[in-house]
Amino acid sequence: MDSFAGKLAIVTGGGSGMGRELVLQLATEGCSVATCDLDPPSLAETAQRAPAGTRVTTHLCDVSDETQVVRFRDEVVGEHATDHVDLVFNNAGIGGGGSFITDDRSDWERTFAIDWWGVYHCTRAFLPLLMASDEGCLVNTSSVNGFWASLGPGIPHTAYSTAKFAVKGFSEALIEDLRVNAPHVKVAVVMPGHIGTGIVANSRRILRSADLADIPDADLEHLRAQLTLRGLQADDMSADQLRDVLKMVEQGFRDGAPLTAAQAATIILDGVRAGRWRILVGADAEAQDQRVRANPDGAYDHSGADFGVPLLGAQAAPPRVEQAGT
């Protein structure tokens, strides 16, 4: 796909992060966009930032709910007066449910539902419209955790990783399926490393509370335990100090990333233009891919130098977090 001008794109999770940047960059190139998210104010801000004269429609939708996804699709068909779409970016996602054993089951299943079922439902809903185009592309966002299911020693990351492995496998399986049954439609799987987005804060809002002050004491104790596992002195921290740490984690993940959301979106769109089916985003993603391929048996060996440091360092142990209690 040489140009996005005159096309119609679907972007899920367009209220912030890479989703918002995909919307804005596509619109800048003359592409009409329909985007969905769970947060109306964030969607409104995305639409306000779009270049004047472009067509960007916003839709409230929980992608884990197929009924809402079907409604989203029908709204797109009606509002854009179309019988086809040209691009679908399954970008929406959250983190959570780190441990299958000790974390809350509802957190695990909510994370998995958004990260995997969201991709599945949106593909089911929009693939017929992609097939009705002259040239279509389905772009599914997996993660570096789609080929390495960990954040490092002592940090389980099961729900997110399981979903992202599923997204990667599904996308790869569609390559031949589309080649046989809809050869004019391509699929690409995106594997980002650490990107400067609000996913940590957004995940907390979806799973817990929109306001840090309302975080339950039980969740703060869980945070204390996680910090202790990561070698930080959290035993004597007050509830307010733990909330400060959580705020630093969220800001550190966003602000300390090697790539911004805008840079990541550019890499993704360049990959789509080039027709690549596998789009690694970030030097950290490329490095981890090489490490896993070179030494798959040692991928989860704590003694191995290649895997001894969490890839997503800001998420696992944000810079200066040790000072939060002082």
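Residues numbered from 1 in each chain as written. Predicted model: local features only at pLDDT ≥ 70, side-chain atom pairs only at ≥ 80, totals over all residues. Heavy atoms only, no water.

**Quick look at the packing of helix α1 (residues 17-28) against helix α2 (residues 40-49)**
In helix packing, the relevant descriptors are the interaxial angle and the interaxial distance, both defined with respect to the helix axes.
Line of reasoning, step 1. Where α1 meets α2, the axes come as close as 9 Å, and the angle between the chain directions of the two elements is 25°. Taken together, α1 and α2 sit at an angle that is classed as roughly parallel. Handedness of the crossing formed by α1 with α2: right-handed. Here Arg 20, Val 23 and Leu 24 of α1 come into contact with α2, specifically with Ser 42, Glu 45, Thr 46 and Arg 49.
Line of reasoning, step 2. When its residues are assigned to classes, the contact of α1 with α2 shows 2 nonpolar, 2 polar and 3 charged. (Axes fitted to C-alpha atoms, helices over the stretch in contact; angles between N-to-C directions. Helix = DSSP H or I, 4+ residues; strand = E, 2+ residues; numbered from the N terminus. Parallel < 35°, antiparallel > 145°, perpendicular 65-115°, else oblique. Left-handed = near helix turned anticlockwise from the far one by under 90°. Contact = heavy atoms within 4.5 Å. Nonpolar A, V, L, I, M, F, W, Y, C, P; charged D, E, K, R; others polar.)

**Here we look at the confidence of the model for the protein**
Line of reasoning, step 1. Taken over all residues, the pLDDT of the protein has a mean of 89, while the share at 70 or more is 92%.
Line of reasoning, step 2. The low-confidence segment residues 304-326, where pLDDT is below 50, has 55 contacts with residues more than four positions distant or belonging to other chains. (pLDDT = per-residue confidence, 0-100.)

**Some thoughts on the pairing of strand β3 (residues 56-60)**
Line of reasoning, step 1. Of the strand pairs in this sheet, strand β2 (residues 32-37) and β3 are connected by 5 bridges, and their pairing is parallel. Each bridged residue has a counterpart across the sheet, and for Asp 37 the counterpart in β3 is Leu 60. (Pairing = 2+ DSSP bridges.)

**Remarks on the packing of aromatic side chains**
Line of reasoning, step 1. For the coordinates displayed, the defined rule picks out 7 aromatic pairs.
Line of reasoning, step 2. When the ring of Phe 72 is compared with that of Phe 126, the centres are 5.4 Å apart and the planes differ by 70°; the resulting orientation is edge-to-face. Of the two residues, Phe 72 is situated in helix α3 (residues 66-79) and Phe 126 in helix α4 (residues 105-131); the sequence distance between them amounts to 54 residues. Judged on exposure class, the residue Phe 72 and its partner Phe 126 are both buried.
Line of reasoning, step 3. Their ring planes at 45° and their centres at 6.0 Å tell us that Trp 116 and Tyr 120 sit as a pair that is tilted. Separated by 4 residues within a single helix, Trp 116 and Tyr 120 lie in helix α4, roughly one turn from each other. (Phe/Tyr/Trp six-rings, centres within 6.5 Å; stacked < 30°, edge-to-face > 60°. Buried < 20%, exposed > 50% of the residue type's maximum accessible area, 1.4 Å probe, protein only.)

**Some thoughts on unusual backbone geometry**
Line of reasoning, step 1. Even without being glycine, Ala 81 reaches a positive phi, approximately 45°.
Line of reasoning, step 2. The residue Ala 81 is located in the loop between α3 and β4 (87-90) in this model.

**Considering the nonpolar core**
Side chains of nonpolar character tend, in soluble globular proteins, to be buried together.
Line of reasoning, step 1. Ranked by size, the top nonpolar core spans 35 residues in total, and within it Ile 10, Val 63, Phe 72, Val 76, Val 85 and Phe 126 carry the most contacts.
Line of reasoning, step 2. Every residue in contact with Phe 72, bar those within four places of it in the chain, is listed here: Ile 10, Ala 34, Thr 35, Cys 36, His 59, Cys 61 and Phe 126. (Core = buried A, V, L, I, M, F, W, Y, C linked by side-chain atoms within 4.5 Å.)

**Remarks on helix α10 (residues 283-294)**
Line of reasoning, step 1. Taking 1.5 Å as the rise per residue, α10 with 12 residues should run 16 Å; its terminal C-alpha atoms sit 16 Å apart, in good agreement.
Line of reasoning, step 2. Within the span of α10, buried status applies to Asp 284, Ala 285, Gln 288, Asp 289 and Val 292. Buried residues in α10, looked at end-on, bunch into an arc of 135°, giving them a common side. In α10, the exposed residues that point more than 90 degrees away from the buried face are Ala 283, Gln 290, Arg 293 and Ala 294. (Expected span 1.5 Å × (residues − 1). Arc of directions from axis to C-beta.)

**A few points about the pairing of β2**
Line of reasoning, step 1. Counting buried positions along β2 yields 5 of 6 residues, so the element is predominantly enclosed.
Line of reasoning, step 2. Bridging between strand β1 (residues 8-12) and β2 involves 5 bridges; their strand directions are parallel. Directly across from Ile 10, in β2, lies its bridge partner Ala 34.
Line of reasoning, step 3. Note that the unit made of β1, α1 and β2 has a crossover that is right-handed.
Line of reasoning, step 4. Note on the crossover from β2 through α2 to β3: the handedness is right-handed. (Right-handed = clockwise from strand over helix to strand, strands pointing away.)

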